[in-house]
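The residues making up each chain are set out below.
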Amino acid sequence: MSDADAATAARPAWRFDRAGDEHPSLREVNASVAVPQGGVWFRRLFAFMGPGYMVSVGYMDPGNWATDLAGGAQFGYTLLFIIMLSNLMAILLQALAARLGIATGRDLAQACRAYYPRPVNLMLWIACELAIIACDLAEVIGTAIALQLLFGIPLIGGAILTALDAFLVLLLMNKGFRYLEAFVVALLIIIFGCFAIQIFVAAPPAGTILHSMFVPSSEIVTNPAMLYIAIGIIGATVMPHNLYLHSSIVQTRAYERTDAGKRDAIKWATTDSTIALILALFVNASILIVAAVAFHDTGHQDVAEIGQAFELLSPLLGLSIASVLFAVALLASGLNSTVTATLAGQIVMEGFLRLRIPQWARRLLTRGFAIVPVVAVTALYGEKGTAQLLVFSQVVLSMQLPFAVIPLVQFVSDKNKMGSFAISRSVAVLAWVVAAVILVLNCKLLYDTVAG
């Protein structure tokens with residue numbers, strides 16, 4: 001053994017072992033979902049289905065809608081390639097998050113606390129809390145807009161009403177984790193159905209869509225306006241808190257905690273998240289396609305806000321319920337995102353700080369940080385200010401992304417920490433390339449936003 005190998009072998013993988021570590025992540029539901037040991041493969045897949053769909057919520061939350069709408073209205077189908085590319089990046093990163101959670105028994109927050117010194121952990125915790133608040137901000141705005149469009153409730157009233165969803169999450173958690181997953185999947189089916197109907201009515205050219213999705217256009221890079229929206233789409237896709245969330249909730253399955261059991265669990269968890277993120281790809285692509293058909297092809301290229309889209313969809317598509325379907329999907333998206341933000345907040349606080357507070361207090365605290373600025377901005381600047389606040393929330397999310405992606409890729413690439421579950425050199429290279437691309441594009445998005 002060389003001196004370098006000996007030094008590597010002598011260096012501890014983590015600063016402390018599981019025996020001195022905290023309880024398992026989300027310990028009240030850890031290993032609570034039974035996994036059949038035999039039978040057909042579909043039964044095992046079904047047992048693992050759920051966490052991926054909860055993660056996919058973050059990839060179709062209200063923060064993504066504005067960039068997809070603007071991309072379709074201004075540039076037609078051209079940016080479908082960017083949606084496909086960003087989704088492939090998300091599939092890889094979420095698979096790595098699931099691998100970390102299953103292989104080590106730690107979620108990403110616990111892994112950070114077990115490896116980094118305390119000052120670094122505090123910085124990572126603050127960054128992640130800001131990301132959760134920013135995500136919650138987008139959910140409050142999206143839900144408030146949906147309530148206004150559907151029921152005529154003023155934005156301020158709708159924002160205040162969103163505080164009530166905290167109790168819905170608590171009710172579902174008390175019933176069991178599978179009930180929570182069923183709620184999320186039910187709302188995802190509503191979102192999927194709403195856009196499936198709109199796509200059917202819009203009848204976009206299938207050949208053009210497939211070409212735009214798989215063949216990039218050089219104009220994406222050469223046209224500054226198109227490049228800006230493309231960066232925005234990628235920046236709004238990978239949510240930092242989703243990586244913490246996924247690494248935790250995959251551990252709710254009662255798989256065998258042996259090497260063979262973990263390998264099997266990683267396989268099914270990756271399949272689950274991949275299928276779920278393909279659903280998210282359909283939704284994001286549908287928003288852009290509907291915008292392209294309804295707005296770009298009819299000379300309404302300036303549509304960039306959710307309210308404008310709602311007003312114009314029905315008359316331009318020739319379907320009386322098109323606008324209602326759009327708003328219902330937005331409401332379902334906002335409600336769904338509440339569940340993941342609540343769980344992510346609990347995971348992050350427990351993982352970084354070993355601090356547990358009642359779930360209702362945690363939820364109301366996070367939601368309060370989101371509601372106050374929405375109410376204040378709406379009162380001072382009206383709906384236009386709320387739309388700008390939605391964009392700002394995505395910029396804040398972009399700023400926090402490095403604090404989740406870099407530790408994740410670092411951990412899963414390290415054989416000292418992952419053992420035989422470490423990713424291969426080729427996958428590690430790909431993961432670092434994806435991380436670098438996302439970080440560079442997010443930095444450019446941040447610079448362009450600040451520079452105006």
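As the structure is a computational prediction, the values presented were derived from the model and not from experiment.

### As for the overall build of the protein chain
Regarding its fold elements, the protein chain presents 21 helices and zero strands. On C-alpha atoms alone, the protein chain measures out to a radius of gyration of 22 Å, which is about the 22 Å that the 2.2 N^0.38 rule sets for 452 residues. Dimensions along the principal axes, computed over C-alpha positions, put the protein chain at roughly 70 × 50 × 45 Å. Excluding contacts between residues fewer than 6 apart, the proportion of contacts in the protein chain whose partners are at least 24 apart in sequence is 84%. As presented, the protein chain carries roughly 17700 Å² of accessible surface, and 69% of it is formed by carbon and sulfur atoms. Taken as two groups, the 27 positive and 27 negative side-chain charges of the protein chain have centres that lie 10 Å from each other.

### Focus on the pattern of salt bridges
Considering all chains together, one arrives at five salt bridges under this definition. A salt bridge links Glu-181 to Arg-253, with the shortest nitrogen-to-oxygen separation between them at 2.8 Å. Note that Glu-181 is positioned in helix 10 (residues 177-202) and Arg-253 in the loop between helix 14 (240-249) and helix 15 (259-294), a separation of 72 residues in sequence. Judged by its relative accessible area of 3%, Glu-181 is buried. On the basis of relative accessible area, Arg-253 is assigned to the buried category, the value being 1%. In this structure, Lys-417 engages Asp-414 in a salt bridge whose closest nitrogen and oxygen atoms are separated by 2.6 Å. Among the residues examined, Lys-417 registers a relative accessible area of 9% and is labelled buried.

### Points about the nonpolar core
The biggest cluster of nonpolar side chains holds 145 residues, and the ones touching the most others in it are Leu-79, Leu-80, Leu-93, Leu-96, Phe-295, Ile-306 and Leu-343. Among the elements that take part in this core, helix 15 stands out by supplying 19 residues, more than any other. Ignoring any residue separated from it by four or fewer positions in sequence, one finds Leu-96 in contact with Leu-408, Val-409, Val-412, Ile-423 and Ala-431.

### Considering the side chain of Thr-252
With respect to the helices and strands, Thr-252 occurs in the loop between helix 14 and helix 15. Reaching out from Thr-252, the side chain makes a polar contact with the side chain of Arg-253 at a distance of 2.8 Å. Once residues lying within four places of it in the same chain are set aside, the contact partners of Thr-252 are Val-29, Asn-30, Ala-31, Ser-32, Val-33 and Phe-177.

### Considerations on the packing of helix 7 (residues 118-151) against helix 17 (residues 322-353)
Any two packed helices are characterised by how steeply their axes cross, that is the angle between the axes, and by the distance between the axes. At their nearest, the axes of helix 7 and helix 17 sit 8 Å apart, and the two run at 160° to each other. Classified by the angle between their axes, helix 7 and helix 17 sit roughly antiparallel to one another. In this structure, helix 7 crosses over helix 17, and the sense of that crossing is left-handed. Its residues assigned to classes, the contact of helix 7 with helix 17 shows 22 nonpolar, seven polar and three charged.

### Comments concerning the side chain of Thr-162
Inspection of the secondary structure puts Thr-162 in the loop between helix 8 (155-161) and helix 9 (165-175). A residue is classified by how much of its surface remains accessible, and Thr-162, at 3% relative accessible area, is buried.

### Concerning helix 10
Between its first and last C-alpha atoms helix 10 spans 38 Å; for 26 residues at 1.5 Å apiece the expected length is 38 Å, and the two agree. Positive backbone phi, at 50°, marks Ala-203, one or two positions downstream of helix 10.

### Here's the deal with the confidence of the model for the protein chain
Summing up the model confidence of the protein chain, the mean pLDDT is 83 and the portion of residues at 70 or higher is 91%. Averaged pLDDT values over the elements of the protein chain bottom out at 41 in helix 1 (residues 3-10) and peak at 93 in helix 5 (residues 80-104). Confidence drops under a pLDDT of 50 for residues 1-12, and excluding neighbours within four residues, the segment shows three contacts in the predicted structure.

### Some words on helix 6 (residues 108-115)
Taken across its eight residues, helix 6 has seven buried, putting it largely inside the fold. Turning to helix 6, its buried residues number three or more, namely Leu-108, Ala-109, Gln-110, Ala-111, Cys-112, Arg-113 and Ala-114. As for helix 6, its buried residues are in contact with helix 5, helix 7, helix 14, helix 17 and helix 19 (402-413). The N-capping residue of helix 6, defined by a side-chain oxygen 2.9 Å from the backbone nitrogen of Ala-109, is Asp-107.

### Notes on the state of the cysteines
Tallied over the full model, the rule gives zero disulfides. Of all cysteine sulfurs, the one in Cys-128 lies closest to Cys-112, which takes part in no disulfide; the gap is 8.9 Å.

### Some details on the packing of helix 2 (residues 41-48) against helix 15
Contact geometry for helix 2 and helix 15: axes closest at 9 Å, N-to-C directions at 70°. Judged by the inter-axis angle, helix 2 sits roughly perpendicular to helix 15. In this structure, helix 2 contributes Trp-41, Arg-44, Leu-45 and Phe-48 to the contact, and helix 15 contributes Asp-264, Ala-265, Trp-268, Ala-269, Thr-271 and Asp-272.

### Structural notes on the environment of Val-434
Looking at the secondary structure, you find Val-434 in helix 21 (residues 425-451). When residues no more than four places from it in sequence are discounted, the contact partners of Val-434 are Met-89, Leu-92 and Leu-93.

### Re the environment of Tyr-77
Within the secondary structure layout, Tyr-77 lies in the loop between helix 4 (62-75) and helix 5. Residue classification places Tyr-77 among the buried residues on the basis of a relative accessible area of 10%. Placed 127 residues apart in sequence, Tyr-77 and Pro-204 show a C-alpha to C-alpha distance of 9.7 Å. With sequence-adjacent residues up to four places away left out, Tyr-77 is seen in contact with Pro-204, Pro-205, Thr-208, Ile-209, Ser-212, Leu-288, Ile-289, Ala-292, Val-293 and Asp-297.

### Focus on unusual backbone geometry
The backbone of Ala-203 shows a phi angle near 50°, a positive value even though the residue is not glycine. Looking at where Ala-203 falls in the secondary structure, it is placed in the loop between helix 10 and helix 11 (206-214).

### With respect to a nonpolar patch on the surface
A surface patch of nonpolar side chains, about 500 Å² in accessible area, is lined by Leu-161, Leu-164, Phe-167, Trp-360 and Leu-364. Here Trp-360 is to be found in helix 18 (residues 359-400).

Definitions and limits used
- Residues numbered from 1 in each chain as written.
- Predicted model: local features only at pLDDT ≥ 70, side-chain atom pairs only at ≥ 80, totals over all residues.
- Heavy atoms only, no water.
- Helix = DSSP H or I, 4+ residues; strand = E, 2+ residues; numbered from the N terminus.
- Rg over C-alpha atoms; globule rule 2.2 N^0.38 Å.
- Contact = heavy atoms within 4.5 Å.
- Areas by Shrake-Rupley, 256 points an atom, 1.4 Å probe, with all protein chains shown as cover.
- Lys, Arg positive; Asp, Glu negative; His and termini not counted.
- Charge placed at Lys NZ, Arg CZ, Asp CG, Glu CD.
- Salt bridge = Lys/Arg side-chain N within 4 Å of Asp/Glu carboxyl O.
- Buried < 20%, exposed > 50% of the residue type's maximum accessible area, 1.4 Å probe, protein only.
- Core = buried A, V, L, I, M, F, W, Y, C linked by side-chain atoms within 4.5 Å.
- Polar contact = N/O pair within 3.5 Å; in protein donor to acceptor, adjacent residues only side chain to side chain.
- Axes fitted to C-alpha atoms, helices over the stretch in contact; angles between N-to-C directions.
- Parallel < 35°, antiparallel > 145°, perpendicular 65-115°, else oblique.
- Left-handed = near helix turned anticlockwise from the far one by under 90°.
- Nonpolar A, V, L, I, M, F, W, Y, C, P; charged D, E, K, R; others polar.
- Expected span 1.5 Å × (residues − 1).
- pLDDT = per-residue confidence, 0-100.
- Disulfide = S-S within 2.5 Å.
- Patch = residues over 30% accessible without salt bridge, like charges linked within 9 Å, V, L, I, M, F, W, Y side chains within 5 Å.

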